[in-house]
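In case you want the letters, here they are:
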Amino acid sequence: MSDDSDFSALLRSLRVWDPDATELPPFDPDTAPGRPLPLFRRWLAEAAAAGQPEPHTLSLATAGADGAPDVRTVMLHGADEDGWHFASHAGSRKGRQLADRPYAALGFYWPVQGRQVRVRGPVRTAPAEVAHADLHARSTGALAAALVGRQSDVLTSSSELERASEDAWARARREPDAAVPSWTVYVLEPDEVEFFQGDERRRHVRLAYRRRGEDWLRELLWP
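Description of the structure in this document.

This next bit is on the overall build of the chain. Helix and strand counts for the chain stand at six helices and 10 strands. Along the longest, intermediate and shortest principal axes, the C-alpha atoms of the chain span 60 × 55 × 40 Å. Within the span of the chain, comprising 223 residues, buried residues form 37% of the whole. Summarising the internal contacts of the chain: among those between residues at least 6 apart in sequence, 65% fall at separations of at least 24. Accessible surface for the chain amounts to roughly 13,200 Å². Of this, 51% is attributable to carbon and sulfur atoms. The centroid of the 28 positive side-chain charges in the chain is displaced by 2 Å from the centroid of its 34 negative side-chain charges.

Below, the structure is given as structure tokens:
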């Protein structure tokens, strides 16, 4: 059997929402709040309570000056009335792309409940003091990784990274309040937020919130 056939057979054997691991809860969009933030917070808490690993991770999609899309997985640092918060180095690929085109999309997937949330809108940078507080509220390892810096640069060898990491860990322990000027908190202010609830009969519920000035328009979408 060829590698292509093996891979195709593997794909066909995989299933979504295994009933041994997934319970699809009912979702009545008529009971949803008028704004997306309370529903997002509730769904994330419910995903965590249902045993979803790392429910605060998300896919972040950006595009650079050439318009080519890019995506990676990052961690949610907050969600409030200002927007959805995440962080990175300003000089990283995502940081450079957001400087060129300050607009992004976020995707959350919680298969334990067959739920997705999609968010998109313009992105701004938070003040430097917010980024400093964000970084230093995290672990020593997070500070050490930030101190290494050079995210997305070409790495010539693993030994170079090992040396830089050892130096950064030593400094993080020695200077727990060390500044990392490139560390940046980004805030996505949503124009659109969509909630997807899977259904075993494929009658999936899609509820979209679209910003209209200070208010939100709610619409159901065909699955």
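Back to the write-up after that little detour.
This part takes up the packing of aromatic side chains. Considering all chains together, one arrives at 10 aromatic pairs under this definition. Their ring planes at 85° and their centres at 5.3 Å tell us that Trp43 and Phe195 sit as a pair that is edge-to-face. One end of the pair, Trp43, is in helix H2 (residues 36-49); the other, Phe195, is in strand E8 (residues 192-197), with 152 residues separating them in the sequence. The exposure class of Trp43 is buried, given its relative accessible area of 0%. Measuring from centroid to centroid gives 5.8 Å for Phe108 and Trp110, while their planes differ by 45°, and the two rings are tilted. Phe108 sits in the buried class, given a relative accessible area of 2%. For Trp110, a relative accessible area of 1% corresponds to the buried category. Taken together through their ring pairs, the aromatic side chains of Phe27, Trp43, Phe195, Tyr209 and Trp216 make up a single cluster.

Moving on to the pattern of salt bridges. All told, the structure shown has 15 salt bridges when counted by the stated rule. Here Arg118 and Glu194 are joined by a salt bridge, their closest N and O atoms 2.8 Å apart. Here Glu194 lies in strand E8 and Arg118 lies in strand E6 (residues 115-125), a separation of 76 residues in the sequence. For Arg118, a relative accessible area of 47% gives the class partly exposed. Between Arg210 and Glu192 there is a salt bridge, and its shortest N-O distance comes to 3.2 Å. With Arg210 in strand E9 (residues 205-212) and Glu192 in strand E8, this residue pair connects regions lying 18 residues apart in the sequence. Residues participating in the shared-partner salt-bridge network are Arg120, Glu192, Arg210 and Glu219.

Now for the pairing of E6. Relative to E6, strand E5 (residues 103-110) runs antiparallel, the two being bridged by eight bridges. Following the sheet pairing, Tyr103 is matched in E6 by Pro122. As defined by bridge partners, E6 adjoins E8 across six bridges and the pair is classed as antiparallel. If you follow Val117 over to E8, its bridge partner there is Phe195. As judged from the three bridges shared by E6 and strand E7 (residues 183-188), these two strands associate in the antiparallel manner. Residue pairing in the sheet places Thr125 in a bridge with Tyr186 of E7.

Turning our eyes to something else, we now look at the pairing of strand E4 (residues 83-89). For E4, the tally of buried residues reaches seven of seven residues, placing the bulk of the element in the interior. Pairing geometry for strand E3 (residues 78-80) and E4, over three bridges, is antiparallel. The residue of E4 that forms the bridge with Ala79 is Trp84. Two successive antiparallel strands, E3 and E4, enclose a turn made up of two residues. Taken together, the six bridges between E4 and E7 define a ladder with antiparallel strand orientation. Paired with His89 across the two strands is Trp183, which belongs to E7.

This part covers the packing of helix H5 (residues 140-148) against helix H6 (residues 158-174). Close contact between H5 and H6 brings their axes to 8 Å; oriented N to C, the two are set at 125°. One element, H5, and the other, H6, form an angle in the oblique class. Judged by the twist between their axes, the crossing of H5 over H6 is right-handed. Contact residues: H5 offers Thr140, Gly141, Leu143, Ala144, Leu147 and Val148, while H6 offers Leu161, Ala164, Ser165, Ala168, Trp169, Arg171, Ala172 and Arg173. Residues that form the contact of H5 with H6 fall into these classes: nine nonpolar, three polar and two charged.

Definitions and limits used
- Residues numbered from 1 in each chain as written.
- Predicted model: local features only at pLDDT ≥ 70, side-chain atom pairs only at ≥ 80, totals over all residues.
- Heavy atoms only, no water.
- Helix = DSSP H or I, 4+ residues; strand = E, 2+ residues; numbered from the N terminus.
- Buried < 20%, exposed > 50% of the residue type's maximum accessible area, 1.4 Å probe, protein only.
- Contact = heavy atoms within 4.5 Å.
- Areas by Shrake-Rupley, 256 points an atom, 1.4 Å probe, with all protein chains shown as cover.
- Lys, Arg positive; Asp, Glu negative; His and termini not counted.
- Charge placed at Lys NZ, Arg CZ, Asp CG, Glu CD.
- Phe/Tyr/Trp six-rings, centres within 6.5 Å; stacked < 30°, edge-to-face > 60°.
- Salt bridge = Lys/Arg side-chain N within 4 Å of Asp/Glu carboxyl O.
- Pairing = 2+ DSSP bridges.
- Axes fitted to C-alpha atoms, helices over the stretch in contact; angles between N-to-C directions.
- Parallel < 35°, antiparallel > 145°, perpendicular 65-115°, else oblique.
- Left-handed = near helix turned anticlockwise from the far one by under 90°.
- Nonpolar A, V, L, I, M, F, W, Y, C, P; charged D, E, K, R; others polar.

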